[in-house]
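# Overview (structure and organization)
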Amino acid sequence: MHADEVDIDESLVERLVAAQFPQWAGLPVRRVRSAGTDNAMYRLGGDMAVRLPRMPDAAGQVGAEQRWLPHLAPHLPLDVPVPLGLGAPGEGYGFAWSVYRWLDGENLYDRPLPEDGLHDAATGLGRFLAALHRVGTAGAPRSFRGGPVDTADDEVRAAIRELGADGTHDTEAATAAWEAAVRAPQWQGAPVWLHGDLLPGNLLGHRGRLTAVIDFGLVGVGDPACDVMAAWTLLTAETREVFRGAAGVDEATWARGRGWALRFGLTAEHYYRGGRNPVLAAIGHRAAAEAIADHHRA
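Starting afresh in each chain, residues are numbered from 1 along the sequence in its written order. Given that this is a predicted model, residues contribute local features only at a pLDDT of at least 70 and side-chain atom pairs are listed and counted only at 80 or more, while totals for whole chains, interfaces and linings are drawn from all residues. The side-chain values count all of the structure's non-hydrogen atoms but skip hydrogen atoms and water molecules.

## Notes on the overall build of the protein chain
A tally of regular secondary structure across the protein chain gives ten helices and ten strands. Based on C-alpha atoms, the radius of gyration is set beside the globule rule, defined as 2.2 Å times the residue count to the power 0.38. Taken against the 2.2 N^0.38 rule, which gives 19 Å for 298 residues, the C-alpha radius of gyration of the protein chain at 19 Å falls within 12% of a compact globule. Expressed along its principal axes, the backbone C-alpha trace of the protein chain runs to roughly 55 × 40 × 40 Å. Per-residue accessibility, obtained with a 1.4 Å probe over protein chains only, is compared with the maximum for each type, and a residue is labelled buried under 20%, exposed over 50%, and partly exposed between these values. The buried share among the 298 residues of the protein chain stands at 52%. Residue pairs at least 24 apart in sequence account for 72% of intrachain contacts in the protein chain once pairs closer than 6 positions are excluded. For the protein chain, the exposed area adds up to about 13100 Å²; of that, 50% sits on carbon and sulfur atoms. Both charge centroids of the protein chain, one from 28 positive and one from 38 negative side chains, sit 3 Å from each other. Counting from the N terminus, the helices are DSSP H or I runs at least four residues long and the strands are E runs at least two residues long. Should any heavy atoms of two residues lie within 4.5 Å, those residues are counted as being in contact. Note on areas: these come from Shrake-Rupley sampling with a 1.4 Å probe, and a residue is covered only by the protein chains present in the view. When charges are counted, Lys and Arg contribute as positive and Asp and Glu as negative, whereas His and the chain ends are disregarded. Charge positions are represented by NZ for Lys, CZ for Arg, CG for Asp and CD for Glu.

## So, the sheet that holds strand 6 (residues 106-107)
Two modes of strand pairing occur in sheets, parallel and antiparallel, and in both the strands are linked by backbone hydrogen bonds. Spatially, the three strands line up as an open sheet ordered 6-8-9, and their pairing is antiparallel. Looking along the sheet, the strands with just one partner apiece sit at the ends: strand 6 and strand 9 (209-213). Pairing of strand 8 (residues 203-206) with strand 9, which is carried by four bridges, proceeds in the antiparallel orientation. The residue bridging Leu203 from the neighbouring strand is Val213, located in strand 9. Each axis is a line fitted through C-alpha atoms, and for a helix only the stretch in contact is used; angles between axes span 0 to 180 degrees, taken between their N-to-C directions. Those strands touched by helix 3 (residues 115-134) are strand 8 and strand 9, and its axis lies near 35 degrees from that of strand 9. Any two strands are treated as partners once DSSP identifies two or more bridges connecting them.

## What to know about the pattern of salt bridges
For this analysis, a salt bridge means a side-chain nitrogen from Lys or Arg found within 4 Å of a carboxyl oxygen belonging to Asp or Glu. Scanning the entire structure with this criterion turns up 19 salt bridges. Among the ionic pairs, Arg145 bridges to Asp197, the shortest N-O distance being 2.9 Å. Here Arg145 is found in the loop between helix 3 and helix 4 (153-165), whereas its partner Asp197 is found in the loop between strand 7 (192-194) and strand 8, with 52 residues between them in sequence. Of the charged contacts in the structure, one is a salt bridge between Arg297 and Asp294, with a shortest N-O distance of 3.5 Å. With Arg297 and Asp294 both in helix 10 (residues 278-297) and three residues apart, the pair spans about one turn of that helix. Taking relative accessible area as the criterion, Asp294 reaches 12% and is therefore assigned buried. Several salt bridges share partner residues, and in doing so they unite Arg240, Arg258, Glu290, Asp294 and Arg297 into one network.

## Side note on the nonpolar core
Counting 67 residues, the largest nonpolar core has Leu125, Phe128 and Phe243 as the members making the most contacts within it. Residue types Ala, Val, Leu, Ile, Met, Phe, Trp, Tyr and Cys, when buried and joined through side-chain atoms within 4.5 Å, form a set referred to as a nonpolar core. Counting 18 residues, the second-largest nonpolar core is a separate cluster that includes Leu12, Trp24, Trp97 and Val99.

## Some thoughts on the packing of helix 3 against helix 8 (residues 237-247)
Two elements in contact, helix 3 and helix 8, have axes separated by 7 Å at closest approach and are oriented at 25 degrees. Judged by the inter-axis angle, helix 3 sits roughly parallel to helix 8. In the crossing of helix 3 with helix 8, the sense of the turn from one axis to the other is right-handed. Between helix 3 and helix 8, the contacting residues are Leu118, His119, Ala122, Thr123, Leu125, Gly126, Arg127, Leu129 and Ala130 on the first element and Thr239, Val242, Phe243, Ala246 and Ala247 on the second. Side-chain classes are defined by residue name, with Ala, Val, Leu, Ile, Met, Phe, Trp, Tyr, Cys and Pro counting as nonpolar, Asp, Glu, Lys and Arg as charged, and the others, Gly among them, as polar. Taken together, the residues of the contact of helix 3 with helix 8 break down into nine nonpolar, four polar and one charged. Reported orientations rely on four angle classes, namely roughly parallel under 35 degrees, roughly antiparallel over 145, roughly perpendicular from 65 to 115, and oblique for the rest. Crossing handedness follows the turn of the near helix against the far one: under a right angle anticlockwise gives a left-handed crossing, and clockwise gives a right-handed one.

## Quick notes on the packing of aromatic side chains
Here a ring pair, both rings aromatic, is described through the centre-centre distance and the interplanar angle of the planes. Working definition: rings of Phe, Tyr and Trp (its six-membered ring) pair if their centres are within 6.5 Å, and the pair is stacked with planes under 30 degrees apart, edge-to-face with planes over 60 apart, and tilted otherwise. Tallied over the full model, the rule gives seven aromatic pairs. A ring pair is formed by Phe21 and Trp97, whose centres lie 5.6 Å apart and whose planes are at 85 degrees; its orientation type is edge-to-face. In this pair, Phe21 sits in the loop between helix 1 (10-20) and strand 1 (29-31) while Trp97 sits in strand 5 (residues 97-101), placing the two residues 76 residues apart along the sequence. Ring centres of Phe243 and Trp254 lie 6.4 Å apart, and the angle between their planes is 45 degrees; this geometry places the pair in the tilted category. Here Phe243 is found in helix 8, whereas its partner Trp254 is found in helix 9 (residues 251-272), with eleven residues between them in sequence. In this structure, Phe243 and Trp254 share a single accessibility class: buried.

## Re the sheet that holds strand 2 (residues 39-44)
Spatial ordering of the open sheet is given by 1-2-3-5-4, a layout of five strands whose pairing is antiparallel. Of all the strands in the sheet, just strand 1 and strand 4 (83-87) have a single pairing partner and so form its edges. With strand direction ignored, the average angle separating the axes of adjacent strands in the sheet is 25 degrees. The pairing of strand 1 with strand 2 spans three bridges and is antiparallel. Bridge pairing in strand 2 links Val29 to Leu44. Sheet strands in contact with helix 2 (residues 60-72) are strand 2, strand 3 (48-53), strand 4 and strand 5, and its direction is about 150 degrees off that of strand 4.

## Observations regarding the packing of helix 4 against helix 5 (residues 171-183)
Orientation of helix 4 relative to helix 5, taken along the N-to-C sense of each, is 165 degrees, at an axis distance of 9 Å. By the angle class used here, helix 4 and helix 5 are roughly antiparallel. With respect to the hand of their crossing, helix 4 and helix 5 are arranged in right-handed fashion. Counted together, Asp153, Val156, Arg157, Ile160, Gly164 and Ala165 of helix 4 and Thr171, Ala174, Thr175, Trp178, Glu179 and Val182 of helix 5 form the full contact between these two elements. A class-by-class count of the residues in the contact of helix 4 with helix 5 yields six nonpolar, three polar and three charged.

Structural data, given as structure tokens:
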């Protein structure tokens, strides 16, 4: 998907584990299928996972997760990854990497929740965000998505033009929705903790219920609006208000969150379509279409 990706396979993971964590040497290593773009995931034995950055831009995520997940986890009502080990570059691989406890479940893109499960997930995810926003932020880094939604204005408008030209989205409707989000009042409060990437592939379900939030590579603080985009990347018109009530989101943050869903959706679909990453292209299309439709219903 990216020109600067490095090669990672089971053999490399086996060598890294054997060299740096001999207590786990010899455990079976199995690649975990994922549409994620930044990291490769391998299951280690029955109850661990190895996560390795695939490109230089993702390398900094390892330290952020190792530092901040133990700080956040005790305050959160859903399971999150538990770091078990920090690996160093070696065996021809140039980045730090992590070992985590394995979390059971399937991501919500591969196995969507049933209708009653989605309603419960709207409540659970809203409460998760409310709890996350209450955690102390002393020393916290800024999130990659913690600033204003319009920092990618040129990129979004280019995506609108190209996706409108081939009929994928209605140009006028998408432009109106985007300009409304850009006009929304900006966040005036103190920065709060953000997950930064609440897409269906980063949420786990088990037995029809939301159970865990994974992939905290973009963790940091900022405007809470970017995490509100889960209302359009995952939820339906019927369950959005449940999520909004549980999260305690005000009108302006909701409008900016819709803008984040539109920004992510349009740019992801534009970049990943055509076979580069069909899963992210599909999630992007759904997010953009839901955000546009929701804006025009409002």
